[in-house]
Amino acid sequence: MPKIHVAAGVLNQTPLDWEGNFQRILGAIQVAADAGANLVCFPEMCLTGYGCEDQFFSPFTQEKAQEYVHKLLDYSKDIVLLVGLPLSFEANLYNVVAVLYQGKIQAYIPKQFLANEGLHYEARWFSAWPAGIRTVIQGIPLGDYRLGLGDICFGVEICQDAWEGEKRPAHALAKRGVSFNCNPTASHFSFGKSKVRQQLALEGASIIQGAYVFANLLGNESGRTIFDGDAYIAQDGKILAQTKRFSFQDSQVICATIEVNGFTSHADDLIQMGALTSQTAKPIVPEISTWESTKYIKEEEFARSIALGLWDYLRKSYSYGYVISLSGGADSSAIASLCATAVHLAVEELGWSGVQKRLAFIPWMNTCAHEADLLRQLMTTIYQGTVNSSADTRISAATLAAGIGTQHHEIEIDALVQGYRSLIESTIQRPLTWEQDDITLQNVQARVRAPSAWMLANIKNALLLATSNRSEASVGYATMDGDTSGSISPIAGIDKAYLRTWLRWMEKEGLGGQWRVAGLANVNHLEPSAELRPLDSKQVDEEDLMPYPILNALERWSFYEYQSPAACFESLKRVYGAQFSSEQLNGFIHRFFRLWARNQWKRERYAPGFHVDDYSLDPKSWLRFPILSAGLEKDLPQ
């Protein structure tokens, strides 16, 4: 049986970064070539970036893709390269993989099934290629081809193609005969999804009775979406090699030798590219991270994905740090901990010189000598107290800031609040009272905090991080232009109940069971509170709303599973009927649907958030709901 040394390369690319993307591809090619690889499979759309959005429509984007795919030809003389790009043909745009070898483009293989749900809207830009159709473009084969290397031949599935069950192209390729398949992909992170991708690779190998080479994107490519950077080489029900997920490197490469079935037949769908170049094969099989097999896999994934997302956002936006309005509560404390995690993981993996290189655009970077220096320069936190702020949250914020090592400030904003209050009281010619103006008096405190935080962000050329979570977004329990202010909203994709669990884990267990944030002890003993009403009112979030687990359940049943309001009520009674009275449950569900419909306009205005769960409320990338509607509360049983 013939053998071939195959490689998969994951890349941390950036949309429209032609030269940067090209250089990262070259770096990975060099690693694979040094390991004696005969073939390297790179991720989907790796030349342009996957997240180019409507810039895919621009002929300029397509021209640059062609310019750079041709620049790669000199590097393909002795090694087969699979690179993704957009390709225009007969008035349609296609998502294709260019197969390069012996210094020429041997073929373009188009994607047959487009990802068009959740985060993905590929059908907006691309057309699906029909199975079995083959043609040429400028003398280059385009279509549903197999590629031959002597008596070895391989096929291509692109990302979504592999998710189509019995319709996936692997089944047709198996009938036609292939030794192995390659899958260049851009499959976003969500909890547990890497296990599904791994299974698809194993199934893909089984379908063709051969091997499967899978390569994904890595990191925060375009703002909202984070990619795991997982790659797999699979055969005979085993993963022969896989990358480490959530790497802070620009690229990773795995290599393995596979012994495969040979195919010597000639057919009109088989492009013979020439014989393999003899190479000295060296496997690249990284050791699997121990955290991948712990019982805290979700907590590890959350910490590592958001940390990588924050790190990439910082450097790709050329920002000089992070600013957080640190209230001492769960949300802002989680974000501060995640920023510290990002710096720690970057230093751990890249080394100090690697961190200095990636942050060389920051003017003060050369004044930092170690991780603690960098954290203090990168992270600015500010506690903005009022008469309604408790000593507990003040201590909680100060303790966490000291433990992490941020530049921490404390200011009092009562004079600002009173200034606005006096102006309005004189305008409307009556005093504002808590009995009559509760929401007004709460919101002004949250809004007054935003300008100070923005000023620090502007002064430092830093990112202001918004602190709202998904649970608050679903019912609008946030102040627009207050705690929603920010450049990005790192935890907007996660619910409050889980966030509190994660904070306790981060304090007690930590990354890999070793790196913890001890400064979270105070916040983990506090009941979540906005602290916007007078202290003697003992304001508690869940009393203002409902228990967070119930809120999260209603959100999921209604807008992920799309149950009717009546069905949601039945589910609520079934799950929580033993803990709460029918009257209480009725109050919760009415409040949820009323607040949901009333606050869509807020969700439209939130800062971009990171996608981490299997769904989100982001109307720009997942869930669309009318800003004005009759709502669904009216449809509950009377």
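Residues numbered from 1 in each chain as written. Predicted model: local features only at pLDDT ≥ 70, side-chain atom pairs only at ≥ 80, totals over all residues. Heavy atoms only, no water.

### What to know about the overall build of the protein
Phase 1 of the analysis: The helix and strand inventory of the protein stands at 17 helices and 21 strands.
Phase 2 of the analysis: Against the globule reference of 26 Å for 638 residues, the protein gives a C-alpha radius of gyration of 27 Å, in line with a compact fold.
Phase 3 of the analysis: Projecting the C-alpha coordinates of the protein onto the three principal axes gives extents of approximately 90 × 65 × 45 Å.
Phase 4 of the analysis: With 638 residues in all, the protein has 59% of them scored as buried.
Phase 5 of the analysis: Within the protein, counting contacts between residues at least 6 apart in sequence, those at least 24 apart form 73% of the total.
Phase 6 of the analysis: Accessible surface, the protein: about 24,900 Å² in total, of which carbon and sulfur atoms supply 52%.
Phase 7 of the analysis: Between the centroid of the 56 positive side chains of the protein and the centroid of its 70 negative side chains there is a distance of 0 Å. (Helix = DSSP H or I, 4+ residues; strand = E, 2+ residues; numbered from the N terminus. Rg over C-alpha atoms; globule rule 2.2 N^0.38 Å. Buried < 20%, exposed > 50% of the residue type's maximum accessible area, 1.4 Å probe, protein only. Contact = heavy atoms within 4.5 Å. Areas by Shrake-Rupley, 256 points an atom, 1.4 Å probe, with all protein chains shown as cover. Lys, Arg positive; Asp, Glu negative; His and termini not counted. Charge placed at Lys NZ, Arg CZ, Asp CG, Glu CD.)

### Looking at the sheet that holds strand S11 (residues 211-215)
Phase 1 of the analysis: Read from one edge of the open sheet, 7 strands run S15-S14-S11-S10-S9-S8-S17, paired in mixed fashion. Single-partner strands in this sheet number two, and they are strand S15 (238-242) and strand S17 (270-272). Going from strand to strand, the sheet's axes swing by 25 degrees on average, the running direction of each strand aside.
Phase 2 of the analysis: Both strand S10 (residues 180-184) and S11 contribute to a ladder of 5 bridges, which runs parallel. Along S11, the bridge assignment pairs Pro184 with Ala215.
Phase 3 of the analysis: Contacting S10, S11, strand S14 (231-235) and S15, helix H4 (residues 193-208) crosses the sheet at an angle of about 35 degrees to S14. (Pairing = 2+ DSSP bridges. Axes fitted to C-alpha atoms, helices over the stretch in contact; angles between N-to-C directions.)

### Observations concerning the packing of aromatic side chains
Phase 1 of the analysis: For the coordinates displayed, the defined rule picks out 31 aromatic pairs.
Phase 2 of the analysis: Here the aromatic rings of Phe559 and Trp596 are separated by 3.8 Å at their centres, their planes lie at 15 degrees, and the arrangement is stacked. One end of the pair, Phe559, is in helix H14 (residues 548-559); the other, Trp596, is in helix H16 (residues 582-598), and 37 residues separate them in sequence.
Phase 3 of the analysis: Residue class for Phe559 comes out buried when judged on its relative accessible area of 5%.
Phase 4 of the analysis: An aromatic cluster is defined as three or more aromatic residues linked by ring pairs; in this entry it consists of Phe189, Phe191, Phe246, Trp291, Tyr296, Phe302, Tyr498, Trp502 and Trp505.
Phase 5 of the analysis: It is Lys298 that lies over the ring of Tyr498; its NZ or CZ is 4.4 Å from the centre.
Phase 6 of the analysis: The ring centre of Phe569 lies 4.8 Å from the NZ or CZ of Lys573, which sits over that ring. (Phe/Tyr/Trp six-rings, centres within 6.5 Å; stacked < 30°, edge-to-face > 60°. Lys NZ or Arg CZ within 6 Å of the ring centre and 35° of its normal.)

### Details of the side chain of Asn12
Phase 1 of the analysis: Along the chain, Asn12 falls in the loop between strand S1 (3-11) and helix H1 (18-34).
Phase 2 of the analysis: By relative accessible area, which is 2% here, Asn12 ends up buried.
Phase 3 of the analysis: Reaching out from Asn12, the side chain makes a polar contact with the side chain of Lys316 at a distance of 2.8 Å.
Phase 4 of the analysis: Sequence-distant contacts of Asn12, that is, excluding residues within four places in its chain, are made with Arg24, Leu218, Gly219, Gln249, Asp250, Asp312, Arg315 and Lys316. (Polar contact = N/O pair within 3.5 Å; in protein donor to acceptor, adjacent residues only side chain to side chain.)

### Description of the sheet that holds strand S20 (residues 407-412)
Phase 1 of the analysis: Spatial strand order, S20-S19-S18-S21: 4 strands in an open sheet with parallel pairing. What marks the edges here is a single partner per strand, and that holds for S20 and strand S21 (463-464).
Phase 2 of the analysis: In this sheet, S20 lies alongside strand S19 (residues 379-385) in parallel orientation, the contact comprising 6 bridges. Bridge assignment links Gly385 to a residue of S20, and that residue is Glu412.

### Looking at the packing of H14 against helix H15 (residues 565-576)
Phase 1 of the analysis: Two elements in contact, H14 and H15, have axes whose closest approach is 10 Å; the angle formed by their N-to-C orientations is 145 degrees. Once H14 is placed against H15, the crossing between them reads as right-handed. Here Pro549, Ile550, Ala553, Leu554, Trp557 and Ser558 of H14 come into contact with H15, specifically with Cys568, Ser571, Leu572, Val575 and Tyr576.
Phase 2 of the analysis: Considered class by class, the residues forming the contact of H14 with H15 number 9 nonpolar, 2 polar and no charged. (Left-handed = near helix turned anticlockwise from the far one by under 90°. Nonpolar A, V, L, I, M, F, W, Y, C, P; charged D, E, K, R; others polar.)

### Some remarks on the side chain of His611
Phase 1 of the analysis: Within the element layout of this structure, His611 appears in the segment after helix H17 (600-605).
Phase 2 of the analysis: Here the side chain of His611 touches Asp613 through a polar contact of 2.7 Å, landing on its backbone oxygen.
Phase 3 of the analysis: Not counting the four nearest positions on each side in its chain, His611 is found in contact with Leu119, His188, Phe189, Ser190, Arg224, Ser616 and Trp622.

### Regarding the nonpolar core
Phase 1 of the analysis: In this structure, Phe302, Leu310, Val355, Met379, Leu465 and Trp502 are the most contacted members of the largest nonpolar core, which totals 64 residues.
Phase 2 of the analysis: Among the secondary structure elements, those contributing two or more residues to this core are helix H5 (297-316), strand S18 (322-325), helix H6 (330-358), helix H7 (371-378), S19, helix H8 (391-404) and helix H12 (496-508).
Phase 3 of the analysis: In terms of residue count, H6 provides more of this core than any other element does, 14 residues in total.
Phase 4 of the analysis: Sequence-distant contacts of Leu310, defined by excluding residues within four places in its chain, comprise Tyr322, Leu338, Cys339, Leu465, Ile488, Pro490 and Phe610.
Phase 5 of the analysis: Counting residues in hydrophobic clusters, the runner-up holds 38 residues, among them Ala32, Val69, Tyr94 and Ala98. (Core = buried A, V, L, I, M, F, W, Y, C linked by side-chain atoms within 4.5 Å.)

### A word on the packing of H15 against H16
To describe two helices that pack against each other, one gives the angle between their axes and the distance between the axes.
Phase 1 of the analysis: Packing of H15 against H16 brings their axes to within 10 Å, and their N-to-C directions diverge by 140 degrees. Considering the angle they form, H15 stands oblique to H16. Taken as a pair, H15 and H16 cross one another with a handedness that is right-handed. Contact with H15, carried on its side by Pro565, Cys568, Phe569, Leu572, Lys573 and Tyr576, involves Leu585, Asn586, Ile589 and Phe593 of H16 and no other residues of that element.
Phase 2 of the analysis: Looking at the contact of H15 with H16, its residues break down into 8 nonpolar, 1 polar and 1 charged. (Parallel < 35°, antiparallel > 145°, perpendicular 65-115°, else oblique.)

### Let's talk about the pairing of S18
Phase 1 of the analysis: For S18 and S19, the ladder comprises 4 bridges, and the chain directions are parallel. Counterpart to Val323 in the pairing with S19 is Thr380.
Phase 2 of the analysis: As paired strands, S18 and S21 are joined by 2 bridges and run parallel to one another. By the bridge assignment, Val323 is partnered in S21 with Leu464.

### Considerations on unusual backbone geometry
Phase 1 of the analysis: With a phi angle near 55 degrees, Glu53 is a residue other than glycine that sits in the positive phi range.
Phase 2 of the analysis: Take Glu53: it is sitting in the loop between strand S2 (39-41) and helix H2 (59-71).
Phase 3 of the analysis: A positive phi is found at Phe246, a non-glycine position, where the angle reads about 60 degrees.
Phase 4 of the analysis: If you trace the backbone, Phe246 turns up in the loop between S15 and strand S16 (251-259).

### Topic: H12
A turn of α-helix holds 3.6 residues, and therefore any two residues three or four places apart point the same way.
Phase 1 of the analysis: An ideal rise of 1.5 Å per residue puts 18 Å on 13 residues; H12 measures up with 19 Å between its terminal C-alpha atoms.
Phase 2 of the analysis: Those residues of H12 that sit buried are Lys496, Tyr498, Leu499, Trp502, Leu503, Trp505, Met506 and Glu507.
Phase 3 of the analysis: Taken together, the buried residues of H12 touch H5, H6, helix H11 (470-475), helix H13 (541-544) and H14.
Phase 4 of the analysis: Two residues or fewer past H12, Gly510 is found with a positive phi of approximately 85 degrees. (Expected span 1.5 Å × (residues − 1).)

### Describing helix H10 (residues 438-460)
Phase 1 of the analysis: Across its 23 residues, H10 extends 35 Å between first and last C-alpha, which sits within 8% of the 33 Å expected from 1.5 Å per residue.
Phase 2 of the analysis: Following H10 by one or two positions, Asn461 adopts a phi angle in the positive range, close to 50 degrees.

### What to know about the environment of Phe592
Phase 1 of the analysis: Positionally, Phe592 belongs in helix H16.
Phase 2 of the analysis: Between the C-alpha atoms of Phe592 and Leu551, which are 41 residues apart in sequence, the distance is 7.1 Å.
Phase 3 of the analysis: Once residues within four sequence positions are removed from consideration, Phe592 is found in contact with Ser474, Val475, Met546, Leu551, Leu554, Glu555, Ser558 and Phe559.

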